[in-house]
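# Structural overview for review
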Amino acid sequence: MSLPASNTAWPPPELAAVTARTQESHVWWEGDPAKLAAFYGSEQGRTSPSGVKARARAAYDAFWGRTPTPAGQAPKRYHAPIAGVIAKLSTTELFSEQLKFLDATKDEAVQARADDIFNTPRFHSSLVEAGEACSALSGGFQRVVWDTEIADNAWIDFVDADRAIPEFRWGRLVAVTFWSELAGGDDREVWRHLERHESGYIVHAVYKGTASSLGRMMALADHSATADISIDGADEGRGAYVATGVKELTAAYVPNVTPNPEWRHDPKLRNLGRADLSTDIFPSFHQLDRIYSSLMRDFRIGAGKVHASESVLTNLGMGKGVSLDEEQEIYSRVGNGGFTANGDMQSIFEFFQPAIRVLEHDQGAALLLREVLRKVGYSPVSLGLSDEVAQTATEASGKKDLTVKTTKAKARHWGSALGPLATTCLRVDAIKFPGKGAAPSEELELEWPQFARESDLAKAQTVQAWSVANAASTKTKVAYLHEDWDDTRVQEEADLIDGANTIQAPDFGFGGDQPPLPAEDSDTADGEAVDGGE
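Residues numbered from 1 in each chain as written. Predicted model: local features only at pLDDT ≥ 70, side-chain atom pairs only at ≥ 80, totals over all residues. Heavy atoms only, no water.

## Describing the nonpolar core
Phe101, Phe118, Leu127, Ile156 and Trp414 are the most contacted members of the largest nonpolar core, which has 32 residues in total. Considering every element that reaches this core, the biggest residue donor is helix H11 (residues 401–432), with ten residues. Aside from chain neighbours lying at most four places away, what touches Phe101 is Gln111, Ala114, Asp115, Phe118, Asn119, Phe123, Leu418, Ala422, Leu444, Glu445 and Leu446. (Core = buried A, V, L, I, M, F, W, Y, C linked by side-chain atoms within 4.5 Å. Buried < 20%, exposed > 50% of the residue type's maximum accessible area, 1.4 Å probe, protein only. Helix = DSSP H or I, 4+ residues; strand = E, 2+ residues; numbered from the N terminus. Contact = heavy atoms within 4.5 Å.)

Written out as structure tokens, the structure is:
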């Protein structure tokens, strides 16, 4: 049970580089123009560690962070929230449809508990939220938590990358310390709660320090936010602990994208992921904002202007200047209008309308945006940047091929963490809530939805083509239309369709055991036929 010693510098050295990186990514993710200008314009932004200094200085000289002009006017800037759109795109492609947790052994009790905890709208919405933060901040952490006053089950909580101090061994997460600042502090005093997850235990500690120092360890009861934490024991100077009852680590880490070339030689950070909002695309973000700001400038200066001759202006009196009555409809062509070279009198009004270069700006921004999307691994069509209109949903899916590949890669990262941690969560749940929880004997399976799913109309057109060509059975068509159905339901639906399309032949009685007419009637009929023939 190893927590930081009292009076340790804060943030700790191993967290400083992550903090600097996430601060820069966060300011773009948030997209507040004032905060962008403050981050790149402040001394802190220009002297940040881990290589941010040079980039920040270049950006400072380029666009965001520029000081006011000698005339005292700050540059008019417009921010295009592309960074936030990319983070939102990442999570919607991953979690737009619900992820399902299934028990591999098909144990009904385990599956019912998994449905109550994970296969719910609440947990799915938490995944959507965590997915966006993971994209923007390079990764995310998850931890098993429980609180009998909130729920009668354990669940998985999500923590942002800049609120954890991970410990890796051979590329595997072996321990992690989560930290948060508690309410009640001020500029001189800061309260922090540290929660360390390690094999078999969760250790809690509260520190009272300053903005730059962790301070000294206090008792959990000294702060209202931690006073109600139930503990199993305490070690002097090492905090209070809770036994989880399982040997597995009750926390996990999901990298957004790997590897991260910036930290590949750092022994403590090399296992962390890379954000979609990474250092190599920040200059593109600056230039995109420059282009959009230039377009807004065109709109500002492109407003129509009218120059009026002095003769049509109304003198407001001594020292009050002149004005133009915009509602006046009739003017006399006299006064200082002047004459042209041909002797014609000049117009008393001249109109000025500068060009607004919308197309040029749009093409320049689209060029940069495509480069950004290519870097983060998304197809331009995912954001509506398409050179042509797709004729069918199948063609659109093909144009999203890069997006689908990137999403599948991210899904593997998420699955490798969520599957084992969800299993651990159910085992902890069975221990902490006896009689309600059920411990799985094998790791839970994750059922991901199909990415870039075809529309119902596109599928119907495909099935129609199969029918015309007589190229597929009814069962194959039903399975294609309803990919989420099991074999039994598919077969039942195929039987119903085949039964409805089968035409029963009418029974005329020929070839049966009984003749069509009684014997006497038959003889009579035959006799009449013979007589008639004669």
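After that view of the structure, there is still more to cover.
## Notes on the side chain of Ser382
The topology assignment puts Ser382 in the loop between helix H9 (358–376) and helix H10 (393–399). Judged by its relative accessible area of 18%, Ser382 falls in the buried class. Ignoring anything within four residues of it in the chain, the contact list for Ser382 reads Leu89, Lys400 and Thr403.

## Here's the deal with the pattern of salt bridges
By the definition in use, this model includes 18 salt bridges. A salt bridge links Glu195 to Arg143; its shortest N-O distance comes to 3.3 Å. Here Glu195 is found in strand S6 (residues 190–198), whereas its partner Arg143 is found in strand S2 (residues 139–145), with 52 residues between them in sequence. Summarising the burial analysis for this pair, Glu195 and Arg143 share the class buried. For the salt bridge of Lys405 with Asp401, the shortest nitrogen-to-oxygen distance reads 3.3 Å. In this pair, Lys405 and Asp401 are both assigned in helix H11, four residues apart and thus about one turn of the helix distant. A single salt-bridge network, built from bridges that share partners, covers Arg21, Glu24 and Glu262. (Salt bridge = Lys/Arg side-chain N within 4 Å of Asp/Glu carboxyl O.)

## As for the packing of helix H8 (residues 282–301) against H9
One way to put it is that H8 packs onto H9 with a least axis distance of 10 Å and a crossing angle of 165 degrees. Judged by the angle between their axes, H8 and H9 are roughly antiparallel. Pair H8 / H9 crosses with left-handed handedness. Facing Ser284, Phe285, Gln287, Leu288, Ile291, Tyr292, Ser294, Leu295, Asp298 and Phe299 of H8, the residues of H9 in contact are Val358, His361, Gly364, Ala365, Leu368, Leu369 and Val372. Tallied by class, residues from the contact of H8 with H9 come to eleven nonpolar, five polar and one charged. (Axes fitted to C-alpha atoms, helices over the stretch in contact; angles between N-to-C directions. Parallel < 35°, antiparallel > 145°, perpendicular 65-115°, else oblique. Left-handed = near helix turned anticlockwise from the far one by under 90°. Nonpolar A, V, L, I, M, F, W, Y, C, P; charged D, E, K, R; others polar.)

## Focus on empty space enclosed by the protein
A full pass over the atoms with the stated rule returns one cavity of 30 Å³ or more. As for the largest cavity, its lining consists of Leu15, Val18, Ser138, Phe141, Ala161, Ala164, Pro166, Tyr253 and Leu272. Secondary structure elements with two or more residues in the lining of the largest cavity: helix H1 (13–30) and strand S4 (164–169). Class assignment of the residues belonging to the lining of the largest cavity gives a composition of eight nonpolar, one polar and no charged. (1 Å grid on protein atoms, 1.4 Å probe; cavity = no way out; pocket = protein on both sides within 12 Å on 5 of 7 lines; lining within 4 Å. Points joined across faces, edges and corners; volume = space filled by probe spheres on them.)

## Thoughts on the packing of aromatic side chains
Under the criterion given, the structure shown has 18 aromatic pairs. On the basis of an interplanar angle of 15 degrees and a centroid distance of 6.3 Å, the ring pair of Trp28 and Phe282 is categorised as stacked. Within this pair, whereas Trp28 is found in helix H1, its partner Phe282 is found in helix H8, the two being separated by 254 residues in sequence. Overall, Phe282 belongs to the buried group, its relative accessible area being 2%. Put simply, the rings of Trp28, Phe39, Tyr40, Phe282 and Phe285 pair up and form one aromatic cluster. The ring of Phe178 carries the charged tip of Arg143 above its face, separated from the ring centre by 5.1 Å. (Phe/Tyr/Trp six-rings, centres within 6.5 Å; stacked < 30°, edge-to-face > 60°. Lys NZ or Arg CZ within 6 Å of the ring centre and 35° of its normal.)

## Let's talk about a nonpolar patch on the surface
A cluster of nonpolar residues, Phe299, Ile356 and Val358, forms a patch on the protein surface that exposes about 230 Å² of accessible area. Mapped onto the elements, Val358 comes out in helix H9. Given a relative accessible area of 40%, Val358 falls into the partly exposed group. (Patch = residues over 30% accessible without salt bridge, like charges linked within 9 Å, V, L, I, M, F, W, Y side chains within 5 Å. Areas by Shrake-Rupley, 256 points an atom, 1.4 Å probe, with all protein chains shown as cover.)

## Notes on the pairing of strand S11 (residues 251–255)
With five of its five residues buried, S11 lies for the most part within the structure. Every second residue of S11 is oriented toward a common face, with Ala251, Tyr253 and Pro255 on one face and Ala252 and Val254 on the other, all of them buried. As paired strands, S2 and S11 are joined by five bridges and run antiparallel to one another. Each residue of the ladder has a partner; that of Phe141, found in S11, is Tyr253. (Pairing = 2+ DSSP bridges.)

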